[in-house]
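Letter by letter, the chains look like this.
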Amino acid sequence: MKKDILDKFGLKNTIAVITGAAGLLGKYHAEAILQGGGIAVLTDIDEKRLKETASSLNNPYTKKVFSYPLDITNEKQIESIVEKITTEVGQIGILINNAANNPKVENSEKNFSRLENFPLKIWNDDVAVGLTGAFLMSKHIGALMAKNGKGVILNIASDLGIIAPNQELYKKPGLKNGNQPVKPITYSAVKHGLIGLSKYLATYWADKGVRVNSLSPASVYNDQPEDFVRKLTNLIPMGRMSDVNEFKAAILFLCSDASSYMTGANLVIDGGRTCW
Ligand SMILES: NC(=O)c1ccc[n+]([C@@H]2O[C@H](COP(=O)([O-])OP(=O)(O)OC[C@H]3O[C@@H](n4cnc5c(N)ncnc54)[C@H](O)[C@@H]3O)[C@@H](O)[C@H]2O)c1
C-alpha cells in the first residue's frame with residue numbers, strides 16, 4: 001500500500017529554528033522536528049541550558065542539531081543570528097516561536113502579580129519576550145520565507161490564549177481576598193496576542209507560500225504542588241494534566257506538508273479544558 005499520507009509528515013532536512021528551546025518544552029519540539037527528518041536549530045537567551053539541551057539531542061541526531069544563543073528582544077541580534085544560521089546551516093524553512101517569560105504567580109504579602117500592583121516594567125518585559133520577540137522573529141525569518149515562496153511559522157500560545165485564568169487555582173489558605181496570588185495579566189495578553197499575530201501573518205503571507213498557525217497546549221505536569229494539580233485536573237474533562245510528550249505529533253503535523261491547507265488556525269490540545 002502507498003504511504004502517501006505518512007510521507008507528508010516527512011521534513012526532509014527542512015531547517016527549523018526554535019526560540020526558547022532550552023526550557024521545559026523546547027527539547028520536545030526539537031525531537032518532533034528531528035524524528036520527522038528535519039534539522040533543529042535551537043536558540044535561547046540562556047547559553048548554559050541551551051548547550052545542555054543541544055548536547056542531550058546530539059546523540060542520536062548527530063549533525064542535525066545546531067544551537068545559537070539569542071535574545072529575541074534584540075532586533076540587531078536577531079538579524080545577525082538569522083544571517084549566521086542561513087550561511088552556516090542553510091535556508092530556514094520552519095520557525096517555532098516558543099519563548100516566553102511565563103510570569104510568576106507571586107505569593108508574598110506584597111504580591112506584585114495582582115493587577116493593582118503589577119509593575120509596568122514586568123508588563124513590558126513579558127510582552128517583549130512573548131509577543132514582540134515572536135513579531136521580530138517572524139518579521140525577519142518570515143520575510144525570507146516569503147521571498148523563497150515556502151515556509152511555516154508556528155506560534156506556541158496556550159489554553160490561556162482562549163480562556164481567562166481561573167484564579168481559584170492559585171488561592172492560598174489564610175490570605176485575604178485582596179492578597180490572594182493570581183496568574184499575572186501578561187500571560188493572558190501575550191497568549192491572546194500570539195493567536196492574533198498568527199492570523200495576521202497567515203493572511204499577510206497566504207499568497208507567498210508561508211503558513212502560520214498557533215498551537216495552544218494546556219498545563220504540562222511538572223511536579224506542581226498537589227493542591228494545584230487537584231484543583232486544575234477538576235477543570236479538565238480528561239481528569240489529568242498533559243505529559244511533555246503529548247504535543248510532539250501536533251508540532252510535526254503543523255510544521256509539515258501534512259497540514260498543507262491549514263493557516264491562521266489555532267490547534268488546541270488541552271484534555272478538553274476549554275470545552276467546559
Ligand atoms: N509548560 C506548560 O505547561 C505550558 C502550557 C501552555 C503553554 N506553554 C507555552 O509553551 C512555551 C514553552 O513552555 P516551557 O514550559 O518550555 O517554558 P520555559 O519557561 O521552560 O521556557 C521558556 C524559555 O524561553 C527562554 N527565554 C526567555 N526570555 C528569552 C529571550 N529574551 N530570548 C530568548 N529566549 C528567552 C527561557 O530562557 C526559557 O528557556 C511557552 O511559550 C509557554 O508559555 C507552556
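Every chain is numbered on its own, with residues counted from 1 as its sequence reads. Reporting of local features is limited, given that this is a predicted model, to residues whose pLDDT is at least 70; pairs of side-chain atoms are given and counted only at 80 or more, and all residues count toward the totals for whole chains, interfaces and linings. Note that water and hydrogens are dropped before the side-chain values are worked out from all heavy atoms of the structure.

Student: Would you take a moment to explain the overall build of the protein for this structure?
Tutor: Helix and strand labels come from DSSP, where a helix needs a run of H or I of at least four residues and a strand needs a run of E of at least two; each type is numbered from the N terminus. If you tally the helices and strands in the protein, you get 8 helices and 7 strands. For a compact globule the rule gives 2.2 Å times the number of residues to the power 0.38, and the radius of gyration it is set against comes from C-alpha atoms. Its C-alpha atoms give the protein a radius of gyration of 19 Å, near enough to 19 Å, the size a compact globule of 276 residues would have. Buried, partly exposed and exposed residues are distinguished by accessible area as a fraction of the type maximum, computed with a 1.4 Å probe on protein chains only: under 20%, between the cut-offs, and over 50%, respectively. Per-residue burial over the protein gives 47% buried out of 276 residues. Note on contacts: a residue pair is in contact if any heavy atoms of the two residues lie within 4.5 Å. Put simply, 75% of the contacts in the protein that link residues at least 6 apart link residues at least 24 apart.

Student: Explanation requested: the site of the ligand in the structure shown.
Tutor: Think of it this way: one heavy atom of a residue within 4 Å of a molecule or strand is enough to make that residue near it. Of all residues adjacent to the ligand, which total 28 residues, the nearest are Leu 24, Leu 25, Asp 44, Asn 98 and Val 220. Arg 49 has a polar side-chain atom sitting 3.4 Å from an oxygen atom of the ligand. One of the backbone nitrogen or oxygen atoms of Asn 98 is found 2.8 Å away from an oxygen atom of the ligand. Using a 1.4 Å probe, the Shrake-Rupley method yields the accessible areas, and only the shown protein chains count as cover for residues. Coverage of the ligand by the protein amounts to 87% of the 820 Å² it exposes when considered alone. Whenever two N or O atoms come within 3.5 Å, that pair is a polar contact, provided that in protein one can donate a hydrogen and the other can accept it, and provided that, for residues adjacent in sequence, both atoms are side-chain atoms.

Student: Help me out: how do you make sense of helix H3 (residues 47-58) in this one?
Tutor: Every α-helical turn comprises 3.6 residues, leaving residues that sit three or four positions apart pointing alike. Across its 12 residues, H3 extends 16 Å between first and last C-alpha, which sits within 8% of the 16 Å expected from 1.5 Å per residue. Among all positions in H3, only Leu 50, Thr 53, Ala 54 and Leu 57 are buried. Down the axis of H3, the buried set is contained in an arc of 95°. They therefore lie on one face. Facing away from the buried side of H3, by more than 90 degrees, are the exposed residues Lys 48 and Lys 51. Of the surrounding elements, those touching the buried residues of H3 are helix H2 (26-35), strand E2 (39-44) and strand E3 (65-69). Among the residues of H3, the N-terminal cap falls to Asp 46, whose side-chain oxygen and the backbone nitrogen of Lys 48 are separated by 3.3 Å. Each residue after the first adds 1.5 Å to the expected span of a helix. It is the directions from the helix axis to the C-beta atoms whose arc is reported.

Student: Can you help me understand unusual backbone geometry in this one?
Tutor: Outside of glycine, negative phi angles account for most residues, and trans bonds account for most peptide bonds. A cis amide bond links Asn 59 to the next residue, Pro 60, at an omega of 20°. Secondary-structure assignment places Pro 60 in the loop between H3 and E3. Not every positive phi belongs to a glycine, and Lys 12 is a case in point at roughly 45°. Within the secondary structure, Lys 12 is located in the loop between helix H1 (4-7) and strand E1 (15-18). A residue is classified by how much of its surface remains accessible, and Lys 12, at 67% relative accessible area, is exposed. One non-glycine residue with positive phi stands out, namely Asn 13, at about 65°. As for its placement among the helices and strands, Asn 13 is situated in the loop between H1 and E1. With a relative accessible area of 42%, Asn 13 lands in the partly exposed category.

Student: Please explain the pairing of strand E4 (residues 92-97) as it appears in this structure.
Tutor: Two faces make up the sheet, and in a regular strand the side chains alternate between them. Of all 6 residues that make up E4, 6 are buried, and the element is covered over most of its length. Strands qualify as paired when DSSP identifies two bridges or more between them. Where E1 lies against E4, 4 bridges are found, and the strand directions are parallel. When the sheet's bridge partners are listed, Ala 16 is paired in E4 with Ile 94.

Student: It is not clear to me how the sheet that holds strand E5 (residues 151-156) should be interpreted in this structure. Could you clarify?
Tutor: Across a sheet, strands are paired by hydrogen bonds formed along the backbone, either parallel or antiparallel in direction. Ordered by their spatial adjacency, 7 strands build an open sheet running E3-E2-E1-E4-E5-E6-E7, and the pairing between neighbours is parallel. A single partner strand is all that each edge strand has here, and the edge strands are E3 and strand E7 (266-269). Taking the axes of each pair of neighbouring strands and ignoring which way they run, one obtains an average angle of 20° across the sheet. Bridge count for strand E6 (residues 210-217) against E7 is 4 bridges, and the pairing is parallel. Where helices are involved, their axes are fitted lines through C-alpha atoms of the stretch in contact, as for all axes, and angles between N-to-C directions lie from 0 to 180°.

Student: How should I be thinking about the pairing of E3 in this particular structure?
Tutor: Across 5 bridges, the pairing between E2 and E3 is parallel. Within E3, the residue paired with Ala 40 across the bridge is Val 65. Here the term right-handed applies to a crossover when the path leading from its first strand over the helix to its second strand runs clockwise, the strands being oriented away from the viewer. In terms of handedness, the path from E2 via H3 over to E3 forms a crossover that is right-handed.

Just distances and angles here, no functional claims.
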